[in-house]
Amino acid sequence: MAEGENEARWEGLCSRDTTTRETALENIRQIVLRKTEYLRSAKETLSRPSDGLSNAVSLDGMNKLLAHLLMLSKRCPFKDVRERSGLILKSVEELGIRIPRPLGQGPSRFIPEKEMLQVDSEDAQMHALFADSFAALGRLDNITLVMVFHPQYLESFLKTQHYLLQMDGPLPLHYRHYIGIMAAARHQCSYLVNLHVNDFLHVGGDPKWLNGLENAPQKLQNLGELNKVLAHRPWLITKEHIEGLLKAEEHSWSLAELVHAVVLLTHYHSLASFTFGCGISPEIHCDGGHTFRPPSVSNYCICDITNGNHSVDEMQVNSAGNASVSDSFFEVEALMEKMRQLQECREEEEASQEEMASRFEMEKRESMFVFSSDDDEVTPARDVSRHFEDTSYGYKDFSRHGMHVPTFRVQDYCWEDHGYSLVNRLYPDVGQLIDEKFHIAYNLTYNTMAMHKDVDTSMLRRAIWNYIHCMFGIRYDDYDYGEINQLLDRSFKVYIKTVVCTPEKVTKRMYDSFWRQFKHSEKVHVNLLLIEARMQAELLYALRAITRYMT
């Protein structure tokens, strides 16, 4: 059978119509069985060395098919697809072909799978969200399964991402996915790179571009500098960067195309932060998400972790950790007491503008000395680093080495009054979608903190948001930056700065060490604040530069 002949078509499985899904499943079953028969007969009649090469190619194609079926059997929101995919895999195994099994601990390495919402949840709202995501992307990815702790945000996120990648817009579809690859690669986020490599090929992208950025069109190569600065030091973006892209003769970008590209770059830089910040595991059907090796014969195998079973060592670590439960309980109480005191101080006296400005400068200086003990260089893997240039360029604090970057004052250029209208003018409807997503993330609250209910968390949420903007040199005149040191302890600041500035360095230890008494859903909520504050900060610098170019 020639490679490419009778390739499986997965689109029918995304349909909400049962009959359409049934037809698609039957077609896939037939293709799998034909490939199985071909491989079995090839094994028996192997005679020429050239046959070995074509069989290896066929086996690779078959393995990808089986990995996709494994993903569907575990992650499809439609029960009929899950069950039927499992049955196809079983029938292949019975014919003597080795089938894959999942690796890892569910959607996140940081959050136990038993605490996650399951794909077969009976909750109608969750099921509708999962079905929407699956229909749009042909998969239910691990990011969605972690974000679903906050369904209101997830709905807005999926709507925005769908619009950016699939709806009418200035850029062709394959450019959009390639820009996603470029942006995710800047943070060595192989999780997102792998997803968008598949999507890029699916929409007809040229496989040669994936060999390295130098193989992509010059127009996309020119975007590399903006990608680099935006990801690591957005305060350095100038109108000259914009001019260079808009006046590159036959490789020029239009303003509308550039705004689309900027939104995609900021979206994927931020999503890389979420991926690392929540310890997102590889997708089941991607590299690192499955194995064809049989289970280990030791005391327990890696799949036991998924079932909620843990090794003896892990159990001992957990029981040893119980000693600090009372400490973390007092941390929550102390944080709530600080919030109460700050509220009282606000009501009693208001600091002068000079005092507020000096507190901002002090917090900005202090943020430069927040770094993790795991602050080693992370060398980018070759398969990721080929998608961007200048691999040594990374995050550097803006006031190091005698450099002084002027403070970005929000009353001079803000999202609500300036950025939003510019985006909406050049890329209609996207400004509205992004604005809604910012508002949901910033205002999202369940009025709870750890074990406490009926708590006003607005002061804490604002401190987190403004701390991130402060690290980017962005100042709000009406905010007292003295509150940040009161509300965010050092381990939390280390986590925030790492997730936002160098997400590839996030460790489980960092995730575990802040807010130890808080629920995982609350830590995911923190990550939503981090990624949206980061995205807005990057957008503000890029859009201000575009505005300056236009005027």
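Per an unreviewed UniProt entry, the chain goes by the name Sestrin 1 and belongs to Mus spicilegus. Here is the UniProt Sequence similarities (unreviewed entry) comment for the chain, exactly as written: "Belongs to the sestrin family."

Looking now at the packing of aromatic side chains. Going through the model one piece at a time under the given rule, you end up with 23 aromatic pairs. With a centroid separation of 6.3 Å and 65° between ring planes, the pair formed by Tyr495 and Tyr511 is classed as edge-to-face. Taken as a pair, Tyr495 in helix 22 (residues 490–501) and Tyr511 in helix 23 (residues 508–513) lie far apart in primary sequence, 16 residues in all. Among the residues examined, Tyr495 registers a relative accessible area of 0% and is labelled buried. Clustering of aromatic rings is evident, with ring pairs tying together Phe110, Phe492, Tyr495, Tyr511, Phe514, Trp515 and Phe518. Positioned above the aromatic ring of Phe78, the side-chain terminus of Arg21 is 4.1 Å from the ring centre. For the cation-ring pair, Lys219 lies above Trp253, with the distance from its terminal atom to the ring centre recorded as 5.1 Å.

For the rest of this paragraph, the subject is the pattern of salt bridges. Tallied over the entire structure, the rule returns 23 salt bridges. Linking Arg462 and Asp478 is a salt bridge whose minimum nitrogen-to-oxygen distance equals 3.1 Å. Of this pair, Arg462 sits in helix 20 (residues 458–471) while Asp478 sits in the loop between strand 6 (474–475) and helix 21 (482–487), placing them 16 residues apart in sequence. Since its relative accessible area comes to 56%, Asp478 is described here as exposed. The salt bridge involving Glu538 is made with Arg534; its shortest N-O contact spans 2.8 Å. In this pair, Glu538 and Arg534 both sit in helix 24 (residues 520–550), 4 residues apart, roughly one turn of the helix.

Residue class for Glu538 comes out buried when judged on its relative accessible area of 0%. Of note is the side chain of Glu538, whose polar atom sits 2.9 Å from the side chain of His269. When sequence neighbours within four positions are dropped, the list of residues in contact with Glu538 reads Leu230, Ala231, Pro234, Thr266 and His269.

Attention now moves to unusual backbone geometry. In this structure, Gln188 takes a positive phi of about 55° despite not being glycine. By secondary structure assignment, the location of Gln188 is in the loop between helix 7 (173–186) and helix 8 (190–202).

Contact pair helix 12 (residues 255–277) / helix 24: the axes reach a minimum separation of 9 Å and the direction vectors enclose 155°. Between helix 12 and helix 24, the angle is such that the two are roughly antiparallel. In the crossing of helix 12 with helix 24, the sense of the turn from one axis to the other is right-handed. Contact residues: Leu255, Leu258, Val259, Val262, Val263, Thr266, His267, His269, Ser270, Ser273, Phe274 and Gly277 in helix 12; Val524, Asn527, Leu528, Ile531, Arg534, Met535, Glu538, Leu539, Ala542, Ile546 and Met550 in helix 24. Considered class by class, the residues forming the contact of helix 12 with helix 24 number 14 nonpolar, 7 polar and 2 charged.

So, how was this worked out
- Residue numbers here run from 1 along each chain, matching the order of that chain's written sequence.
- Owing to the predicted nature of the model, reporting of local features is limited to residues with pLDDT of at least 70; listing and counting of side-chain atom pairs is limited to 80 or more, with chain, interface and lining totals taken over all residues.
- To get the side-chain values, all heavy atoms of the structure are used, and hydrogens and water are removed first.
- UniProt positions are given in the numbering used here, feature names are shortened, and annotations may be inferred rather than shown by experiment.
- Pairing of aromatic rings covers Phe, Tyr and the six-membered ring of Trp, with a centre-to-centre limit of 6.5 Å; geometry is then stacked below 30 degrees between planes, edge-to-face above 60, and tilted otherwise.
- Helix numbering and strand numbering both begin at the N terminus, where a helix is a DSSP run of H or I of at least 4 residues and a strand a DSSP run of E of at least 2.
- Categorising residues by exposure relies on relative accessible area from a 1.4 Å probe, with only protein chains included: less than 20% of the type maximum marks a residue as buried, more than 50% marks it as exposed, and the intermediate range marks it as partly exposed.
- Any Lys NZ or Arg CZ that is within 6 Å of a ring centre and within 35 degrees of that ring's normal is treated as a charge sitting over the ring.
- What makes a salt bridge here is a side-chain nitrogen of Lys or Arg within 4 Å of a carboxyl oxygen of Asp or Glu, nothing more.
- Two N or O atoms form a polar contact when they lie within 3.5 Å of each other; inside protein one atom must be a possible hydrogen donor and the other a possible acceptor, and for residues adjacent in sequence the pair counts only when both atoms belong to side chains.
- Any two residues having at least one pair of non-hydrogen atoms within 4.5 Å are treated as being in contact.
- Orientation is described by lines fitted to C-alpha atoms, with helices fitted over the stretch in contact, and by angles between N-to-C directions that extend from 0 to 180 degrees.
- To sort the angles, those under 35 degrees are grouped as roughly parallel, those over 145 as roughly antiparallel, those from 65 to 115 as roughly perpendicular, and the leftovers as oblique.
- Helix crossings are classified by the rotation of the near helix relative to the far one: an anticlockwise turn of less than a right angle makes the crossing left-handed, while a clockwise turn makes it right-handed.
- Three residue categories are used. Nonpolar comprises Ala, Val, Leu, Ile, Met, Phe, Trp, Tyr, Cys and Pro, charged comprises Asp, Glu, Lys and Arg, and polar comprises the others, including Gly.

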